[in-house]
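# Fold and contact review
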Amino acid sequence: MSEKEHKQEETLKLEDEIRNLQEEINSKDEEIKELNEKYLRLLAETENMKKRLEREKREFFEYANENLLKDLLPIVDNIERAIEHAHEEANVEDFIKGVELILSGFKKLLEKYEVKEVEALHKPFDPNFHEAMTMTESDEHPANTVVGEMQKGYTFKNRLLRPSLVSVSKTVGKNNDNVDK
């Protein structure tokens, strides 16, 4: 083989190799294009999902109390009926019984939603659940015992909603106006 033929063959091999490399580059460019499109689609889906979740979260918080409010409506109806009945008839005992039934229904509703009364009366004063309004001298109760309750306290799922407003005992004759806090 002559040198010219050898160079031509070498050139053909190089051209063939260049063509193969060009095809590989084109194939990789196409693959990159497809992966980029797939990435953009996934990015758009992620953004749409974020927006949907935010909307659902906003709606959840906006309407979270809907069931509670629906459950309160019959109690409102009963109070309205009791007032209407009180205007029609002057029987105080029936009115009191009606209001007691309404209160009973309301307490059952509170239980349903895990709202519980804070036990206070005759219990040791607990600043986590009680708010001392007055101190009362007492020989009958140990110091720092709740002896009176002006307003009931409530918890919701073991979290304090409102403390009990209480009167706390102190030992007779001693000036201990401080309540353990």
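Our structure is the block above this text.
Residues numbered from 1 in each chain as written. Predicted model: local features only at pLDDT ≥ 70, side-chain atom pairs only at ≥ 80, totals over all residues. Heavy atoms only, no water.

## So, the side chain of T155
Counting through the fold element by element, T155 comes out in strand 4 (residues 154–156). The class for T155 is buried, based on a relative accessible area of 11%. Leaving out residues up to four positions away in the same chain, T155 has contacts with E114, V115, K116, V118, F129, L160 and L161. (Helix = DSSP H or I, 4+ residues; strand = E, 2+ residues; numbered from the N terminus. Buried < 20%, exposed > 50% of the residue type's maximum accessible area, 1.4 Å probe, protein only. Contact = heavy atoms within 4.5 Å.)

## Quick notes on the side chain of S169
Structurally, S169 is set in strand 6 (residues 164–170). Polar side-chain contacts of S169 include one of 2.5 Å to the backbone oxygen of P142. Leave out the neighbours within four places in its chain, and S169 touches M135, T136, S138, H141, P142, A143, N144, T145 and V147. (Polar contact = N/O pair within 3.5 Å; in protein donor to acceptor, adjacent residues only side chain to side chain.)

## What about the packing of aromatic side chains?
By the definition in use, this model includes one aromatic pair. Considering the side-chain rings of F60 and F61, the 5.4 Å spacing of their centres and the 75° angle between planes classify their relative orientation as edge-to-face. (Phe/Tyr/Trp six-rings, centres within 6.5 Å; stacked < 30°, edge-to-face > 60°.)

## A short note on the nonpolar core
Grouped together as the largest cluster of nonpolar side chains are five residues: A120, F125, V146, V166 and V168. Not counting residues within four places of it along the chain, the set of residues in contact with V146 comprises A120, L121, H122, K123, F125, H130, V166 and S167. (Core = buried A, V, L, I, M, F, W, Y, C linked by side-chain atoms within 4.5 Å.)

## Section: the pattern of salt bridges
Applying the stated criterion across every chain, the model contains 11 salt bridges. A salt bridge links E56 to R52; its shortest N-O distance comes to 3.4 Å. With E56 and R52 both in helix 1 (residues 3–62) and four residues apart, the pair spans about one turn of that helix. Notably, a salt bridge pairs E117 with K107, separated by 3.4 Å at the nearest N-O pair. You can see E117 sitting in strand 1 (residues 115–117) and its partner K107 sitting in helix 3 (residues 92–112), a full 10 residues away along the chain. When its relative accessible area of 36% is taken as the criterion, E117 is described as partly exposed. Bridged by salt links that share partners, the residues K107, E117 and K152 form one connected network. (Salt bridge = Lys/Arg side-chain N within 4 Å of Asp/Glu carboxyl O.)

## So, the environment of E30
Note that E30 resides in helix 1. Put simply, E30 and M150 are 120 residues apart on the chain and 79 Å apart in space, counted from C-alpha to C-alpha.

Remember, this is a structural readout, not a statement about activity or role.
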